[in-house]
Amino acid sequence: MRRKLVVGNWKMNGNLHQLAEIAEIAAAAKAAAGVDVALCPPFTLIAPAVARSNGLAIGAQDVHPAESGAHTGAVSAAMLKEVHAQLVIVGHSERRAEAGETDAQVRAKAEAALARGLQTIVCVGESEAEREAGRHVDVVTGQVKGSLPDDGHEGEMVVAYEPIWAIGTGKVATPADVAEMHAAIRGALRERLGERGGRIRILYGGSVKADNAAELFAVPDVDGALVGGASLTAAQFVPIVEAAARH
Ligand code: PEP
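Note that the structure is a prediction, hence the values are computed from the model and not measured. (Residues numbered from 1 in each chain as written. Predicted model: local features only at pLDDT ≥ 70, side-chain atom pairs only at ≥ 80, totals over all residues. Heavy atoms only, no water.)

**Looking at the pairing of strand 2 (residues 35-40)**
Strand 2 sits mainly inside the fold: 5 of its 6 residues count as buried. Across 6 bridges, the pairing between strand 1 (residues 4-9) and strand 2 is parallel. When the bridges of strand 2 are listed, Gly8 appears paired with Leu39. Handedness of the crossover is the feature at issue here: the chain leaves strand 1, passes through helix 1 (residues 19-31), returns alongside strand 2, and the resulting connection is right-handed. As paired elements, strand 2 and strand 3 (residues 57-60) share 2 bridges and run parallel to each other. Within strand 3, the residue paired with Leu39 across the bridge is Ile58. (Buried < 20%, exposed > 50% of the residue type's maximum accessible area, 1.4 Å probe, protein only. Helix = DSSP H or I, 4+ residues; strand = E, 2+ residues; numbered from the N terminus. Pairing = 2+ DSSP bridges. Right-handed = clockwise from strand over helix to strand, strands pointing away.)

**Considering the packing of helix 7 (residues 136-147) against helix 8 (residues 175-193)**
Angle between the axes and distance between the axes: these two values describe a pair of packed helices. Put simply, helix 7 and helix 8 touch, their axes get as near as 10 Å, and they point 35 degrees apart. For the element pair helix 7 and helix 8, the recorded crossing hand is right-handed. Across from His136, Val137, Val140, Thr141, Val144 and Lys145 in helix 7, the residues of helix 8 making contact are Glu180, Met181, Ala184, Ile185, Ala188, Leu189, Glu191 and Arg192. Class assignment of the residues belonging to the contact of helix 7 with helix 8 gives a composition of 8 nonpolar, 2 polar and 4 charged. (Axes fitted to C-alpha atoms, helices over the stretch in contact; angles between N-to-C directions. Left-handed = near helix turned anticlockwise from the far one by under 90°. Contact = heavy atoms within 4.5 Å. Nonpolar A, V, L, I, M, F, W, Y, C, P; charged D, E, K, R; others polar.)

**Here we look at the layout of surface pockets**
Over the atoms a probe the size of a water molecule is rolled, and this reveals where empty space is left. In this structure, the largest pocket spans a volume of roughly 430 Å³. Taken together, 14 residues line the largest pocket, and the ones lying closest to its centre are Lys11, Met12, Gln61, Glu94 and Arg95. Sorting elements by how many residues they give to the lining of the largest pocket places helix 4 (residues 93-98) first, with 3 residues. Roughly 240 Å³ of internal volume is contained in the second largest pocket. Around the second largest pocket, the lining comprises 18 residues; the ones closest to its centre are Val35, Asp36, Val37, Gly55 and Ala57. When contributions to the lining of the second largest pocket are tallied by element, the ones reaching two or more residues are helix 1 and strand 2. The element best represented in the lining of the second largest pocket is strand 2, accounting for 4 residues. (1 Å grid on protein atoms, 1.4 Å probe; cavity = no way out; pocket = protein on both sides within 12 Å on 5 of 7 lines; lining within 4 Å. Points joined across faces, edges and corners; volume = space filled by probe spheres on them.)

**A few points about the site of the ligand**
Taken together, 14 residues surround the ligand, and among them Lys11, Glu162, Gly168, Ser207 and Gly228 come closest. Take His92: an N or O atom from its side chain is 2.8 Å from an oxygen atom of the ligand. Residue Gly168 places a main-chain N or O atom 2.6 Å away from an oxygen atom belonging to the ligand. Compared with its free state, where it exposes 290 Å², the ligand has 97% of that area covered by protein. Classifying every residue of the shell around the ligand gives 4 nonpolar, 8 polar and 2 charged. (Near = heavy atom within 4 Å. Polar contact = N/O pair within 3.5 Å; in protein donor to acceptor, adjacent residues only side chain to side chain. Areas by Shrake-Rupley, 256 points an atom, 1.4 Å probe, with all protein chains shown as cover.)

**With respect to the pattern of salt bridges**
Inspection of every chain in the model, using the stated rule, returns 22 salt bridges. Its salt-bridge partner being Glu128, residue Lys171 comes within 3.1 Å of it at the nearest N-O pair. With Lys171 in the loop between strand 6 (157-161) and helix 8 and Glu128 in helix 6 (residues 128-132), this pair connects stretches of sequence that are 43 residues apart. Lys171 gets classed as partly exposed once you look at its relative accessible area, which sits at 40%. For Glu128, a relative accessible area of 38% puts it in the partly exposed group. Three or more residues are tied together by salt bridges with common partners; here these are Arg2, Arg186, Asp221 and Asp223. (Salt bridge = Lys/Arg side-chain N within 4 Å of Asp/Glu carboxyl O.)

**Some points on the nonpolar core**
In terms of nonpolar packing, the biggest core is built from 66 residues, with Val6, Leu56, Leu80, Ile185, Leu189, Tyr204 and Phe217 touching the most fellow members. Sort the elements by how many residues they give to this core and helix 10 (residues 234-245) lands first, with 7 residues. Those residues in contact with Leu56 that lie beyond four places of it in its chain are Ile22, Ile25, Ala26, Ala29, Val37, Ala38 and Leu39. Counting residues in hydrophobic clusters, the runner-up holds 13 residues, among them Leu5, Ala57, Ile121 and Leu203. (Core = buried A, V, L, I, M, F, W, Y, C linked by side-chain atoms within 4.5 Å.)

If you want it as structure tokens, here you go:
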């Protein structure tokens, strides 16, 4: 039985005044039994968010594969651990698009994060053109194979399926679309990692909101959600957490 996991991704949003939202989300997360909750604010808010987290897991949205060195603007897994981050998102489609990250680079980041004991969420997802061409399953299972580290790590790995056309657009994949892809990802995980592939959680991400969360959580192999826009306020995020707790 895989426990549901709901993760908020604040992207490049949030300032010190919004830490009160984090405290509110943390209180609700504590009250929601049977579900894991985490929030990934920008790097600048990780340490102050941890101070108000009340047990809520706080993470980052990216990590550099190296330990330290001449990598201007980057942050290492060791640095994240030092400020008590517990998880990191790697390979988000916005980073794949804006920073040109390849599967190999995403995999190197995931390996570095897992080696340092950070829970690691590896994002995969197809573009609208790839879906329209009927290539979506091949593209996404190819990303799973190329972006995920091999077994042997102690840390916990999570996959997030985020169809690019559904991120921040208000378009949500249908339950049938999600079921098809999560089953394909589960198959690729088992093929790649054997029995361990059955234990890895697969999150859905893409315009998840309070009013569609329950329907998505009911889809087989949907083990939670990665939430962008609707994670910015407790008012929008907490009902998603509560929907996960009911499943
Ligand atoms: C995301 O960026 O991971 C995401 C799913 O965004 P949104 O919920 O805003 O579509």
